[in-house]
Amino acid sequence: MSARVWLITTFLMTLQWIGIRLSGHHLSPLWEVAAAGLAIFGAAFILSWAAEVAQTDIPQALALAFLALIAVLPEYAVDIYFAWSAGKDPRYIAYATANMTGANRLLIGVGWAAVVVTFWIKYGQRRVILERSHLIELFHLVLATLYSFVIPLKGTISALDSLFLIAIFVSYMISASKAKVVEPELEGSPGELLMHLRPLARRLATIGMFVFAAVAIYLSAEPFAEGLLATGRLFNIEEFLLVQWLAPLASESPEFIVAIVFALRGKPGASMGTLVSSKVNQWTLLIGMLPLAYSLSAGHLGAMHLDARQTEEIFLTAAQSLFAIAVLANLSFSLAEAGLIFALFATQLFFTDAAFRYGYAIGYIALAMTWLVVSRSSRQGLVAMFAERWSGKPVAASHQK
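Because the structure is a prediction, the values reported are computed rather than measured.

Here is what the cut-offs are and how they apply
Residues numbered from 1 in each chain as written. Predicted model: local features only at pLDDT ≥ 70, side-chain atom pairs only at ≥ 80, totals over all residues. Heavy atoms only, no water. Axes fitted to C-alpha atoms, helices over the stretch in contact; angles between N-to-C directions. Helix = DSSP H or I, 4+ residues; strand = E, 2+ residues; numbered from the N terminus. Parallel < 35°, antiparallel > 145°, perpendicular 65-115°, else oblique. Left-handed = near helix turned anticlockwise from the far one by under 90°. Contact = heavy atoms within 4.5 Å. Nonpolar A, V, L, I, M, F, W, Y, C, P; charged D, E, K, R; others polar. Buried < 20%, exposed > 50% of the residue type's maximum accessible area, 1.4 Å probe, protein only. Phe/Tyr/Trp six-rings, centres within 6.5 Å; stacked < 30°, edge-to-face > 60°. Lys NZ or Arg CZ within 6 Å of the ring centre and 35° of its normal. Core = buried A, V, L, I, M, F, W, Y, C linked by side-chain atoms within 4.5 Å. Expected span 1.5 Å × (residues − 1). Arc of directions from axis to C-beta. Polar contact = N/O pair within 3.5 Å; in protein donor to acceptor, adjacent residues only side chain to side chain.

Chemist: Before we move on, could you go through the packing of helix H1 (residues 3-23) against helix H2 (residues 29-54) and cite the residues and values that matter?
Modeler: For the pair H1 and H2, interaxial distance at closest approach is 8 Å and the crossing angle is 135°. Classed by the angle they form, the pair H1 and H2 counts as oblique. For the crossing formed where H1 meets H2, the hand is left-handed. Here H1 contributes Trp 6, Leu 7, Thr 10, Phe 11, Met 13, Thr 14, Gln 16, Trp 17 and Ile 20 to the contact with H2, which in turn contributes Glu 32, Ala 35, Ala 36, Leu 38, Ala 39, Phe 41, Gly 42, Ala 43, Phe 45, Ile 46 and Trp 49. By residue class, the composition of the contact of H1 with H2 is 15 nonpolar, four polar and one charged.

Spelled out as C-alpha coordinates, the structure:
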(Lines give C-alpha, C1' and ligand atoms only; values in the text may rest on other atoms or scores of the structure.)
Protein backbone atom coordinates (compact mmCIF):
# COMPACT_ATOMS: atom_id res chain seq x y z
CA MET A 1 0.00 0.00 0.00
CA SER A 2 1.41 3.40 -1.00
CA ALA A 3 2.17 6.11 1.54
CA ARG A 4 -0.58 8.33 0.12
CA VAL A 5 -3.20 5.56 0.43
CA TRP A 6 -2.05 4.81 4.00
CA LEU A 7 -2.44 8.47 4.93
CA ILE A 8 -5.93 8.79 3.40
CA THR A 9 -7.09 5.50 4.96
CA THR A 10 -6.02 6.43 8.47
CA PHE A 11 -7.63 9.86 8.23
CA LEU A 12 -10.90 8.23 7.12
CA MET A 13 -10.67 5.82 10.08
CA THR A 14 -10.68 8.77 12.46
CA LEU A 15 -13.07 11.00 10.52
CA GLN A 16 -15.86 8.41 10.60
CA TRP A 17 -15.93 8.52 14.39
CA ILE A 18 -15.53 12.29 14.66
CA GLY A 19 -18.57 12.64 12.38
CA ILE A 20 -20.61 10.18 14.44
CA ARG A 21 -19.66 11.83 17.74
CA LEU A 22 -20.29 15.40 16.61
CA SER A 23 -23.63 14.43 15.08
CA GLY A 24 -24.83 13.26 18.51
CA HIS A 25 -25.87 9.88 17.07
CA HIS A 26 -25.56 6.91 19.47
CA LEU A 27 -24.63 3.43 18.28
CA SER A 28 -25.09 0.07 19.97
CA PRO A 29 -22.23 -0.76 22.38
CA LEU A 30 -20.61 -3.23 19.98
CA TRP A 31 -20.62 -0.82 17.04
CA GLU A 32 -19.49 2.03 19.26
CA VAL A 33 -16.46 0.01 20.36
CA ALA A 34 -15.67 -0.83 16.73
CA ALA A 35 -16.03 2.74 15.44
CA ALA A 36 -14.18 4.39 18.34
CA GLY A 37 -11.50 1.67 18.29
CA LEU A 38 -10.87 2.28 14.58
CA ALA A 39 -10.50 6.00 15.32
CA ILE A 40 -7.91 5.29 18.04
CA PHE A 41 -6.13 2.88 15.67
CA GLY A 42 -5.98 5.48 12.90
CA ALA A 43 -5.00 8.30 15.25
CA ALA A 44 -2.10 6.24 16.60
CA PHE A 45 -0.67 5.89 13.09
CA ILE A 46 -1.11 9.62 12.40
CA LEU A 47 0.69 10.44 15.65
CA SER A 48 3.60 8.15 14.81
CA TRP A 49 4.07 9.68 11.35
CA ALA A 50 3.83 13.24 12.65
CA ALA A 51 6.31 12.38 15.40
CA GLU A 52 8.79 11.04 12.84
CA VAL A 53 8.71 14.30 10.90
CA ALA A 54 8.83 16.43 14.07
CA GLN A 55 12.29 15.06 14.86
CA THR A 56 13.73 17.19 12.06
CA ASP A 57 12.33 20.46 13.44
CA ILE A 58 12.67 20.47 17.24
CA PRO A 59 15.70 20.21 19.55
CA GLN A 60 17.07 16.76 20.29
CA ALA A 61 16.14 16.53 23.99
CA LEU A 62 12.68 17.96 23.41
CA ALA A 63 12.14 15.58 20.51
CA LEU A 64 12.95 12.54 22.65
CA ALA A 65 10.67 13.62 25.49
CA PHE A 66 7.89 14.55 23.10
CA LEU A 67 8.14 11.36 21.06
CA ALA A 68 8.10 9.24 24.23
CA LEU A 69 4.81 10.81 25.24
CA ILE A 70 3.31 10.64 21.75
CA ALA A 71 4.12 6.96 21.32
CA VAL A 72 1.84 5.91 24.16
CA LEU A 73 -0.81 8.65 23.98
CA PRO A 74 -3.60 6.34 22.75
CA GLU A 75 -2.92 3.90 25.59
CA TYR A 76 -2.76 6.75 28.10
CA ALA A 77 -6.07 8.19 26.95
CA VAL A 78 -8.04 5.03 27.72
CA ASP A 79 -6.24 4.18 30.97
CA ILE A 80 -6.33 7.71 32.36
CA TYR A 81 -10.05 7.86 31.58
CA PHE A 82 -10.54 4.79 33.78
CA ALA A 83 -8.37 6.31 36.54
CA TRP A 84 -10.30 9.60 36.34
CA SER A 85 -13.63 7.74 36.54
CA ALA A 86 -12.29 5.79 39.53
CA GLY A 87 -12.07 9.08 41.41
CA LYS A 88 -15.89 9.20 41.23
CA ASP A 89 -16.59 5.45 41.24
CA PRO A 90 -13.97 3.10 42.86
CA ARG A 91 -15.16 0.21 40.69
CA TYR A 92 -13.18 1.75 37.81
CA ILE A 93 -9.88 1.10 39.62
CA ALA A 94 -10.10 -2.50 38.41
CA TYR A 95 -10.44 -1.36 34.79
CA ALA A 96 -7.46 1.04 35.04
CA THR A 97 -5.37 -1.82 36.42
CA ALA A 98 -6.65 -4.26 33.81
CA ASN A 99 -5.80 -1.95 30.90
CA MET A 100 -2.35 -1.13 32.27
CA THR A 101 -1.33 -4.74 32.97
CA GLY A 102 -2.74 -6.02 29.68
CA ALA A 103 -0.88 -3.41 27.65
CA ASN A 104 2.42 -4.17 29.36
CA ARG A 105 2.14 -7.95 29.05
CA LEU A 106 1.05 -7.74 25.38
CA LEU A 107 4.01 -5.53 24.55
CA ILE A 108 6.51 -8.14 25.75
CA GLY A 109 4.59 -11.37 25.15
CA VAL A 110 3.46 -10.55 21.61
CA GLY A 111 5.34 -7.45 20.43
CA TRP A 112 8.89 -8.48 21.33
CA ALA A 113 8.37 -12.03 20.09
CA ALA A 114 6.78 -10.89 16.80
CA VAL A 115 9.90 -8.90 15.84
CA VAL A 116 12.20 -11.92 16.05
CA VAL A 117 9.75 -14.24 14.27
CA THR A 118 9.26 -11.70 11.46
CA PHE A 119 13.03 -11.27 11.01
CA TRP A 120 13.51 -15.05 10.95
CA ILE A 121 10.75 -15.61 8.34
CA LYS A 122 12.05 -12.80 6.10
CA TYR A 123 15.81 -13.29 6.39
CA GLY A 124 16.32 -16.67 8.03
CA GLN A 125 18.19 -15.07 10.95
CA ARG A 126 17.44 -16.56 14.36
CA ARG A 127 18.86 -13.79 16.52
CA VAL A 128 18.40 -10.02 16.87
CA ILE A 129 21.27 -7.92 18.23
CA LEU A 130 20.58 -4.53 19.83
CA GLU A 131 23.01 -1.60 19.86
CA ARG A 132 24.69 -0.65 23.14
CA SER A 133 22.71 2.60 23.22
CA HIS A 134 19.68 0.55 24.29
CA LEU A 135 21.34 -0.11 27.65
CA ILE A 136 19.77 3.23 28.64
CA GLU A 137 16.27 1.80 28.23
CA LEU A 138 17.16 -1.50 29.89
CA PHE A 139 18.75 0.21 32.90
CA HIS A 140 15.64 2.31 33.56
CA LEU A 141 13.41 -0.70 32.92
CA VAL A 142 15.34 -2.54 35.65
CA LEU A 143 14.72 0.33 38.08
CA ALA A 144 11.01 0.53 37.24
CA THR A 145 10.55 -3.24 37.42
CA LEU A 146 12.26 -3.59 40.80
CA TYR A 147 10.13 -0.76 42.18
CA SER A 148 6.94 -2.21 40.69
CA PHE A 149 7.11 -5.16 43.11
CA VAL A 150 6.44 -2.67 45.92
CA ILE A 151 2.95 -1.91 44.55
CA PRO A 152 1.39 -5.37 45.09
CA LEU A 153 3.10 -5.62 48.48
CA LYS A 154 1.38 -2.49 49.79
CA GLY A 155 -1.85 -3.02 47.82
CA THR A 156 -2.18 0.55 46.50
CA ILE A 157 -1.08 2.78 43.63
CA SER A 158 -0.41 6.13 45.27
CA ALA A 159 1.16 9.53 44.75
CA LEU A 160 4.35 8.10 46.27
CA ASP A 161 4.48 5.62 43.39
CA SER A 162 3.94 8.53 40.99
CA LEU A 163 6.92 10.32 42.51
CA PHE A 164 9.30 7.39 42.07
CA LEU A 165 8.08 6.21 38.66
CA ILE A 166 7.91 9.65 37.08
CA ALA A 167 11.40 10.36 38.48
CA ILE A 168 12.64 7.22 36.68
CA PHE A 169 10.97 8.41 33.49
CA VAL A 170 12.58 11.86 33.77
CA SER A 171 15.97 10.23 34.38
CA TYR A 172 15.41 8.11 31.27
CA MET A 173 14.60 11.18 29.18
CA ILE A 174 17.66 13.07 30.43
CA SER A 175 19.92 10.08 29.73
CA ALA A 176 18.41 9.51 26.30
CA SER A 177 18.82 13.18 25.39
CA LYS A 178 22.60 12.76 25.77
CA ALA A 179 22.74 9.71 23.54
CA LYS A 180 23.38 9.75 19.83
CA VAL A 181 20.22 10.36 17.83
CA VAL A 182 19.83 8.76 14.41
CA GLU A 183 17.85 10.69 11.84
CA PRO A 184 14.47 9.05 11.17
CA GLU A 185 14.20 6.92 8.04
CA LEU A 186 11.01 8.00 6.33
CA GLU A 187 11.35 6.11 3.06
CA GLY A 188 7.99 4.59 2.14
CA SER A 189 6.30 6.25 5.12
CA PRO A 190 3.55 8.90 4.85
CA GLY A 191 5.97 11.09 6.76
CA GLU A 192 8.12 11.14 3.62
CA LEU A 193 5.35 13.06 1.83
CA LEU A 194 5.62 15.86 4.38
CA MET A 195 9.39 16.10 3.95
CA HIS A 196 8.88 17.33 0.38
CA LEU A 197 7.00 20.40 1.63
CA ARG A 198 8.58 23.74 2.39
CA PRO A 199 9.70 24.03 6.05
CA LEU A 200 6.81 26.27 7.15
CA ALA A 201 4.22 24.13 5.36
CA ARG A 202 5.77 20.95 6.79
CA ARG A 203 5.65 22.30 10.33
CA LEU A 204 2.05 23.47 9.98
CA ALA A 205 1.05 20.10 8.50
CA THR A 206 2.82 18.26 11.33
CA ILE A 207 1.10 20.38 13.99
CA GLY A 208 -2.22 19.84 12.21
CA MET A 209 -1.73 16.07 12.31
CA PHE A 210 -0.95 16.16 16.04
CA VAL A 211 -4.05 18.26 16.75
CA PHE A 212 -6.29 16.13 14.53
CA ALA A 213 -5.11 12.87 16.15
CA ALA A 214 -5.37 14.31 19.66
CA VAL A 215 -8.97 15.46 19.03
CA ALA A 216 -9.85 12.02 17.63
CA ILE A 217 -8.37 10.26 20.68
CA TYR A 218 -10.11 12.68 23.07
CA LEU A 219 -13.48 12.04 21.39
CA SER A 220 -12.88 8.27 21.29
CA ALA A 221 -11.46 7.37 24.71
CA GLU A 222 -14.63 7.58 26.82
CA PRO A 223 -17.04 5.94 24.28
CA PHE A 224 -14.51 3.19 23.57
CA ALA A 225 -13.95 2.45 27.26
CA GLU A 226 -17.62 2.59 28.21
CA GLY A 227 -18.58 0.64 25.09
CA LEU A 228 -16.25 -2.16 26.14
CA LEU A 229 -17.89 -2.36 29.55
CA ALA A 230 -21.39 -2.30 28.03
CA THR A 231 -20.43 -4.98 25.48
CA GLY A 232 -19.19 -7.21 28.26
CA ARG A 233 -22.46 -6.84 30.15
CA LEU A 234 -24.47 -7.40 26.95
CA PHE A 235 -22.73 -10.65 26.00
CA ASN A 236 -22.03 -11.79 29.56
CA ILE A 237 -18.26 -11.52 29.06
CA GLU A 238 -16.11 -10.55 32.03
CA GLU A 239 -15.52 -6.79 31.69
CA PHE A 240 -12.08 -7.01 33.30
CA LEU A 241 -10.82 -9.34 30.56
CA LEU A 242 -12.25 -7.22 27.74
CA VAL A 243 -10.57 -4.10 29.09
CA GLN A 244 -7.34 -5.98 29.76
CA TRP A 245 -6.85 -7.44 26.28
CA LEU A 246 -9.11 -5.76 23.71
CA ALA A 247 -8.44 -2.10 24.62
CA PRO A 248 -4.62 -2.43 24.40
CA LEU A 249 -4.93 -4.21 21.05
CA ALA A 250 -6.60 -1.13 19.56
CA SER A 251 -4.08 1.32 20.99
CA GLU A 252 -0.92 -0.78 20.56
CA SER A 253 -1.54 -2.47 17.19
CA PRO A 254 -0.13 0.44 15.13
CA GLU A 255 3.05 0.33 17.19
CA PHE A 256 3.34 -3.43 16.64
CA ILE A 257 2.82 -2.98 12.89
CA VAL A 258 5.48 -0.27 12.65
CA ALA A 259 7.91 -2.51 14.57
CA ILE A 260 7.21 -5.42 12.21
CA VAL A 261 7.76 -3.17 9.18
CA PHE A 262 11.21 -2.26 10.58
CA ALA A 263 12.01 -5.96 10.95
CA LEU A 264 10.87 -6.64 7.37
CA ARG A 265 13.22 -3.89 6.19
CA GLY A 266 16.14 -5.65 7.88
CA LYS A 267 16.31 -3.35 10.91
CA PRO A 268 15.22 -5.63 13.79
CA GLY A 269 17.50 -3.88 16.29
CA ALA A 270 15.70 -0.58 15.73
CA SER A 271 12.38 -2.43 15.92
CA MET A 272 13.20 -4.05 19.27
CA GLY A 273 14.63 -0.80 20.58
CA THR A 274 11.37 0.99 19.86
CA LEU A 275 9.33 -1.61 21.74
CA VAL A 276 11.73 -1.66 24.71
CA SER A 277 11.45 2.13 24.91
CA SER A 278 7.66 1.85 24.87
CA LYS A 279 7.83 -0.65 27.72
CA VAL A 280 9.86 1.85 29.78
CA ASN A 281 7.31 4.59 29.07
CA GLN A 282 4.34 2.42 30.01
CA TRP A 283 5.98 0.96 33.11
CA THR A 284 6.95 4.40 34.44
CA LEU A 285 4.94 7.37 33.22
CA LEU A 286 1.68 5.53 32.53
CA ILE A 287 1.50 3.96 36.00
CA GLY A 288 2.72 7.20 37.56
CA MET A 289 -0.08 9.20 35.94
CA LEU A 290 -2.90 6.96 37.21
CA PRO A 291 -2.99 8.07 40.90
CA LEU A 292 -2.62 11.70 39.80
CA ALA A 293 -5.68 11.47 37.52
CA TYR A 294 -7.52 9.60 40.28
CA SER A 295 -6.71 12.27 42.88
CA LEU A 296 -7.64 15.18 40.60
CA SER A 297 -11.01 13.57 39.89
CA ALA A 298 -11.65 12.75 43.56
CA GLY A 299 -10.76 16.30 44.59
CA HIS A 300 -8.16 15.21 47.15
CA LEU A 301 -4.84 13.37 47.25
CA GLY A 302 -5.65 9.68 47.59
CA ALA A 303 -4.43 6.20 46.75
CA MET A 304 -6.04 3.69 44.40
CA HIS A 305 -6.72 0.66 46.60
CA LEU A 306 -6.23 -2.67 44.86
CA ASP A 307 -8.26 -5.80 45.44
CA ALA A 308 -6.82 -9.33 45.31
CA ARG A 309 -7.31 -9.69 41.53
CA GLN A 310 -5.57 -6.41 40.72
CA THR A 311 -2.69 -7.22 43.08
CA GLU A 312 -2.16 -10.57 41.36
CA GLU A 313 -2.18 -8.98 37.91
CA ILE A 314 0.42 -6.34 38.80
CA PHE A 315 2.64 -8.95 40.49
CA LEU A 316 2.44 -11.17 37.39
CA THR A 317 3.20 -8.23 35.07
CA ALA A 318 6.21 -7.19 37.16
CA ALA A 319 7.49 -10.79 37.16
CA GLN A 320 7.18 -11.04 33.36
CA SER A 321 9.14 -7.79 33.03
CA LEU A 322 11.89 -9.16 35.29
CA PHE A 323 12.27 -12.29 33.16
CA ALA A 324 12.30 -10.24 29.94
CA ILE A 325 15.13 -8.10 31.33
CA ALA A 326 17.17 -11.20 32.19
CA VAL A 327 16.74 -12.50 28.64
CA LEU A 328 17.62 -9.19 26.97
CA ALA A 329 20.44 -8.17 29.32
CA ASN A 330 23.08 -9.32 26.83
CA LEU A 331 21.46 -7.19 24.07
CA SER A 332 20.63 -10.35 22.16
CA PHE A 333 17.21 -11.90 21.53
CA SER A 334 16.93 -15.27 19.81
CA LEU A 335 14.06 -17.11 18.15
CA ALA A 336 14.03 -19.71 20.93
CA GLU A 337 13.88 -16.99 23.60
CA ALA A 338 11.05 -15.26 21.73
CA GLY A 339 9.17 -18.56 21.54
CA LEU A 340 9.57 -19.09 25.30
CA ILE A 341 8.36 -15.57 26.15
CA PHE A 342 5.35 -15.94 23.84
CA ALA A 343 4.50 -19.42 25.15
CA LEU A 344 4.56 -18.25 28.76
CA PHE A 345 2.32 -15.31 27.85
CA ALA A 346 -0.15 -17.27 25.72
CA THR A 347 -0.64 -20.21 28.08
CA GLN A 348 -1.42 -18.00 31.07
CA LEU A 349 -4.50 -16.67 29.21
CA PHE A 350 -6.20 -20.03 29.68
CA PHE A 351 -5.94 -19.91 33.47
CA THR A 352 -7.74 -17.18 35.40
CA ASP A 353 -7.54 -18.73 38.86
CA ALA A 354 -5.44 -16.75 41.36
CA ALA A 355 -3.27 -19.77 42.15
CA PHE A 356 -2.21 -20.05 38.51
CA ARG A 357 -1.42 -16.33 38.24
CA TYR A 358 0.78 -16.52 41.32
CA GLY A 359 2.30 -19.73 39.96
CA TYR A 360 3.22 -18.06 36.67
CA ALA A 361 4.62 -15.02 38.50
CA ILE A 362 6.83 -17.15 40.75
CA GLY A 363 7.83 -19.17 37.68
CA TYR A 364 8.90 -15.99 35.87
CA ILE A 365 11.00 -14.89 38.86
CA ALA A 366 12.61 -18.32 39.21
CA LEU A 367 13.39 -18.39 35.48
CA ALA A 368 14.93 -14.91 35.66
CA MET A 369 17.21 -15.90 38.54
CA THR A 370 18.16 -19.18 36.86
CA TRP A 371 18.78 -17.39 33.56
CA LEU A 372 21.24 -14.99 35.17
CA VAL A 373 23.06 -17.87 36.88
CA VAL A 374 23.28 -20.06 33.76
CA SER A 375 23.83 -17.41 31.08
CA ARG A 376 27.18 -15.72 31.60
CA SER A 377 26.54 -13.18 28.82
CA SER A 378 23.28 -12.05 30.41
CA ARG A 379 24.96 -11.78 33.80
CA GLN A 380 27.84 -9.82 32.31
CA GLY A 381 25.40 -7.61 30.40
CA LEU A 382 23.53 -6.73 33.59
CA VAL A 383 26.77 -5.95 35.43
CA ALA A 384 28.02 -3.88 32.48
CA MET A 385 24.73 -1.97 32.42
CA PHE A 386 25.10 -0.79 36.02
CA ALA A 387 28.87 -0.28 35.73
CA GLU A 388 28.36 1.91 32.68
CA ARG A 389 25.74 4.01 34.43
CA TRP A 390 28.00 4.38 37.48
CA SER A 391 31.21 5.24 35.64
CA GLY A 392 29.76 6.90 32.57
CA LYS A 393 32.17 4.88 30.40
CA PRO A 394 31.34 1.96 28.05
CA VAL A 395 31.99 -1.48 29.53
CA ALA A 396 32.49 -4.50 27.29
CA ALA A 397 29.73 -7.12 27.31
CA SER A 398 29.41 -10.34 25.38
CA HIS A 399 26.50 -11.42 23.15
CA GLN A 400 27.35 -15.10 23.54
CA LYS A 401 25.20 -17.38 25.65
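Chemist: Please give an account of unusual backbone geometry that cites residues and values.
Modeler: At Asn 236, a position not held by glycine, the phi torsion is positive, near 60°. Its place among the elements puts Asn 236 in the loop between helix H10 (199-234) and helix H11 (239-264). For Asn 236, a relative accessible area of 73% gives the class exposed. Within the chain, Leu 331 stands out as a residue other than glycine whose phi angle is a positive 60°. By secondary structure assignment, the location of Leu 331 is in the loop between helix H13 (308-328) and strand E4 (332-334). Judged by relative accessible area, Leu 331 falls into the buried class, the value being 2%.

Chemist: Break down the packing of aromatic side chains for me, citing the residues and quoting the values.
Modeler: Two measures describe an aromatic ring pair: the distance that separates the ring centres and the angle between the ring planes. Within this structure, the stated rule accounts for 18 aromatic pairs. Between Trp 6 and Phe 45, the ring centres sit 5.3 Å apart and the planes meet at 45°, which makes this aromatic pair tilted. Of this pair, Trp 6 sits in helix H1 while Phe 45 is found in helix H2, placing the two residues 39 residues apart along the sequence. Classification of Trp 6 by relative accessible area gives partly exposed; the value is 26%. The structure contains a cluster of three or more aromatic residues connected by ring pairs, namely Tyr 81, Phe 82, Tyr 92 and Tyr 95. Lying across the ring of Trp 283, Lys 279 places its NZ or CZ 4.4 Å from the centre.

Chemist: Any chance you could break down the nonpolar core for me, citing the residues and the numbers?
Modeler: With 119 residues, the main nonpolar core has Phe 82, Trp 112, Phe 224, Met 272 and Phe 333 as its most contacted residues. Ranked by residues supplied to this core, first place goes to H2 with 15 residues. Apart from the residues within four sequence positions on either side, Phe 82 is in contact with Tyr 92, Tyr 95, Ala 96, Asn 99, Ala 225, Leu 229 and Val 243.

Chemist: Would you mind going over the side chain of Arg 309 in detail, with residue names and values included?
Modeler: Note on placement: Arg 309 falls in helix H13. The buried category is assigned to Arg 309, whose relative accessible area is 19%. Setting aside its immediate chain neighbours within four residues, Arg 309 contacts Glu 238, Phe 240, Leu 241 and Arg 357.

Chemist: Residues and numbers for helix H15 (residues 354-374), please.
Modeler: Spanning 21 residues, H15 covers 30 Å between terminal C-alpha atoms, matching the ideal 30 Å at 1.5 Å per step. Taken together, the buried positions of H15 are occupied by Arg 357, Tyr 360, Ala 361, Tyr 364, Ala 368, Trp 371 and Leu 372. Along H15, the residues classed as buried sweep out an arc of 100° about the axis, all on the same side. Opposite the packed face of H15, turned more than 90 degrees from it, sit the exposed residues Ala 355, Ile 362, Val 373 and Val 374. Sitting at the amino-terminal end of H15 is Asp 353, which places a side-chain oxygen 2.9 Å from the backbone nitrogen of Ala 355.

Chemist: I'd like a rundown of the packing of helix H5 (residues 92-123) against H13, residues and numbers included.
Modeler: Two elements in contact, H5 and H13, have axes separated by 10 Å at closest approach and are oriented at 25°. In terms of orientation, H5 lies roughly parallel with respect to H13. Crossing handedness for the pair H5 and H13: left-handed. Across the interface between the two elements, Ile 93, Ala 94, Thr 97, Met 100, Thr 101, Asn 104, Arg 105, Ile 108, Gly 109 and Trp 112 of H5 pack against Gln 310, Glu 313, Ile 314, Leu 316, Thr 317, Gln 320, Ser 321, Ala 324 and Leu 328 of H13. Its residues placed into classes, the contact of H5 with H13 shows nine nonpolar, eight polar and two charged.

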